[in-house]
Amino acid sequence: YNPDVQLAALVDPLVDNDYVTKRSIGKSQATLVGGTPVAAKDIYDIWCYEFTPKNYEKTILLTSLIHGNEYTVFYWMTQFLDMLVNKWYEHPQLAYLRKNVRIVTVPIANPYGHAVQTRENINDVDLSRNFAYNWGTVFDEYNQGTAAWSESESRAIRDLMAEIAPDCVASLDFHTTTSEGATHYAIYYPRFLQNDISKYLGVVEALRQSGETTAFASTVIPTLTNWGIFTHGFNAANPEFVNGLSGATRSSVEMTRCMKFFANFVFQAAKQPAKAKFTTIDSP
């Protein structure tokens with residue numbers, strides 16, 4: 001599960017330094033609580049890949065593996081990005097993205113957690129509880145860290161979100177879950193924040209008509225998506241996939257089901273209207 005090996009095999013071949021670029025936005029946590037340094041072998045770059053059309057209208061942010069052991073979402077994203085680069089002309093939805101939408105992705109937001117197959121980072125902090133929205137006031141069973149932004153991984157995502165905020169219209173953070181019983185999917189969205197979830201309801205209805213069930217719930221915990229809408233006005237959601245309900249986990253049947261769910265969320269996010277751009281012309 002070495003994150004650099006995974007990216008080198010599945011995402012780096014897409015990089016052409018034209019439509020697709022790659023850059024490091026930071027490194028995984030380098031010290032433990034109390035100041036103990038981390039061995040160099042346990043420090044990883046956090047890689048960001050950008051898919052940028054020549055004349056794009058808007059940006060959407062896609063993140064996965066902020067929980068390092070939920071790796072179905074990483075393999076889904078790599079297949080989706082491969083289709084976007086190599087098969088975009090076969091599908092009108094992909095063609096729209098390819099020509100009109102900049103897609104900024106962080107496929108492995110928690111590289112240390114992925115390397116050792118754990119939800120948390122090296123400090124045992126749940127990075128999706130380390131953002132400043134409601135930090136220290138709303139809790140669940142997961143460790144939020146010693147302070148908001150205490151972990152370098154969450155700071156790297158925070159800074160990326162601020163960088164792309166001027167034209168970013170949506171943020172999707174992909175997860176897997178085992179907490180919803182026999183439900184096929186779960187969708188978490190920010191509570192008490194202005195956030196248009198109407199475009200995602202069509203996906204939920206289509207799944208319902210096919211006989212699959214979806215848990216649709218709001219949350220106030222200090223997650224990446226809650227921070228994005230609270231601070232930058234991103235349209236945000238956490239789509240979560242349940243493994244193994246239609247065959248072996250990560251089999252072709254399951255990964256096709258995963259693609260159907262997550263890709264339709266991306267297409268709906270891309271329908272968000274572009275942010276208005278204003279020019280002020282001052283008299284001489």
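Calculation criteria
Residues numbered from 1 in each chain as written. Predicted model: local features only at pLDDT ≥ 70, side-chain atom pairs only at ≥ 80, totals over all residues. Heavy atoms only, no water. Helix = DSSP H or I, 4+ residues; strand = E, 2+ residues; numbered from the N terminus. Rg over C-alpha atoms; globule rule 2.2 N^0.38 Å. Buried < 20%, exposed > 50% of the residue type's maximum accessible area, 1.4 Å probe, protein only. Pairing = 2+ DSSP bridges. Right-handed = clockwise from strand over helix to strand, strands pointing away. Contact = heavy atoms within 4.5 Å. Expected span 1.5 Å × (residues − 1). Axes fitted to C-alpha atoms, helices over the stretch in contact; angles between N-to-C directions. Phe/Tyr/Trp six-rings, centres within 6.5 Å; stacked < 30°, edge-to-face > 60°. Lys NZ or Arg CZ within 6 Å of the ring centre and 35° of its normal. Parallel < 35°, antiparallel > 145°, perpendicular 65-115°, else oblique. Left-handed = near helix turned anticlockwise from the far one by under 90°. Nonpolar A, V, L, I, M, F, W, Y, C, P; charged D, E, K, R; others polar. Salt bridge = Lys/Arg side-chain N within 4 Å of Asp/Glu carboxyl O.

**Student:** Would you mind going over the overall build of the chain with me for this structure?
**Tutor:** Within the chain one finds eight helices and eight strands. A compact globule built from 284 residues would reach a C-alpha radius of gyration of about 19 Å, and the chain, at 18 Å, matches this within 12%. With respect to the three principal axes, the spread of C-alpha positions in the chain is 65 × 50 × 40 Å. Residues classed as buried in the chain amount to 52% of the 284 residues present.

**Student:** What is the right way to read the pairing of strand β6 (residues 185-190) from this model?
**Tutor:** Consecutive side chains along a regular strand alternate between the two faces of the sheet. Here six bridges tie β6 to strand β7 (residues 214-219), and the two strands are oriented parallel to one another. Bridging across to β7, Tyr188 finds its partner in Ala217. The parallel pair β6 and β7, bridged by helix α6 (residues 198-209), forms a crossover whose chirality is right-handed. Two elements, β6 and strand β8 (residues 235-241), share four bridges in a ladder whose sense is antiparallel. Counterpart to Ala186 in the pairing with β8 is Glu240.

**Student:** What exactly am I supposed to notice about the side chain of Ser152 here?
**Tutor:** Along the chain, Ser152 turns up in helix α5 (residues 152-164). With residues near it in sequence (within four places) discarded, Ser152 still touches Lys27, Ser28 and Gln29.

**Student:** What's the story with helix α8 (residues 252-269) in this structure? I'm lost.
**Tutor:** Three- or four-residue spacings in an α-helix give side chains the same orientation, since the helix completes a turn every 3.6 residues. The first and last C-alpha atoms of α8 sit 25 Å apart over 18 residues, in line with the 26 Å expected at 1.5 Å per residue. Across the 18 residues of α8, 13 count as buried, placing the element largely inside the fold.

**Student:** Which parts of the structure should I look at to understand the sheet that holds strand β4 (residues 101-106)?
**Tutor:** Two orientations exist for strands paired in a sheet by backbone hydrogen bonds: parallel and antiparallel. Read across the sheet, eight strands follow the order β1-β2-β4-β3-β5-β8-β6-β7 without closing on themselves; strand pairing throughout is mixed. The open sheet has two free edges, formed respectively by β1 (20-27) and β7, since each of these has just one partner strand. Taking the axes of each pair of neighbouring strands and ignoring which way they run, one obtains an average angle of 20° across the sheet. Note that strand β3 (residues 58-64) and β4 share six bridges and pair parallel. In the strand pairing of β4, Lys58 is matched with Val101. Packing against the sheet, α6 makes contact with β5 (168-176), β6, β7 and β8, and its axis sits at approximately 150° to β7.

**Student:** Where do I start with the packing of aromatic side chains in this structure?
**Tutor:** For any two aromatic rings, the description comes down to two numbers: the centre-to-centre distance and the angle of the planes. Applying the stated criterion across every chain, the model contains 20 aromatic pairs. Ring centres of Trp88 and Tyr89 lie 5.8 Å apart, and the angle between their planes is 80°; this geometry places the pair in the edge-to-face category. Judged by relative accessible area, which is 56%, Tyr89 ranks as exposed. In this structure, Lys22 packs its charged tip against the face of Trp47, placed 4.2 Å from the ring centre.

**Student:** Mind showing me how you'd approach the packing of helix α1 (residues 3-10) against helix α2 (residues 72-86) here?
**Tutor:** Two numbers describe a pair of packed helices, the interaxial angle and the distance between the axes. Contact geometry of α1 with α2 gives a least axis separation of 10 Å together with a crossing angle of 25°. Between α1 and α2, the interaxial angle falls into the category roughly parallel. The handedness of the crossing between α1 and α2 is right-handed. For the pair formed by α1 and α2, the contact residues are Gln6, Leu7 and Leu10 on the first element and Phe74, Tyr75 and Thr78 on the second.

**Student:** What exactly am I supposed to notice about the packing of α2 against helix α3 (residues 92-100) here?
**Tutor:** Closest axis-to-axis distance for the α2/α3 pair is 9 Å, and the angle between their directions is 75°. As far as their axial angle goes, α3 and α2 are roughly perpendicular. Counting all contacts with α2, which are made through Phe80, Met83 and Leu84, the residues of α3 involved are Leu94, Leu97 and Arg98. When grouped by side-chain class, the residues that make up the contact of α2 with α3 number five nonpolar, no polar and one charged.

**Student:** Would you take a moment to explain the pattern of salt bridges for this structure?
**Tutor:** Opposite charge on two side chains permits them to pair, given that their charged atoms come into close proximity. If you walk through the whole model with that rule in mind, you get 17 salt bridges. Of the charged contacts in the structure, one is a salt bridge between Glu70 and Arg119, with a shortest N-O distance of 3.8 Å. A residue pair is termed long-range when its members are at least 10 positions apart, and Glu70 in the loop between β3 and α2 and Arg119 in the loop between α4 (111-116) and α5 qualify at 49 residues. Asp126 is paired through a salt bridge with Arg129; the nearest N and O atoms lie 3.9 Å apart. Comparing Asp126 with Arg129, the two get one shared label, buried. One network of salt bridges, with partners in common, ties together Arg23, Glu50, Arg102, Glu163 and Asp167.

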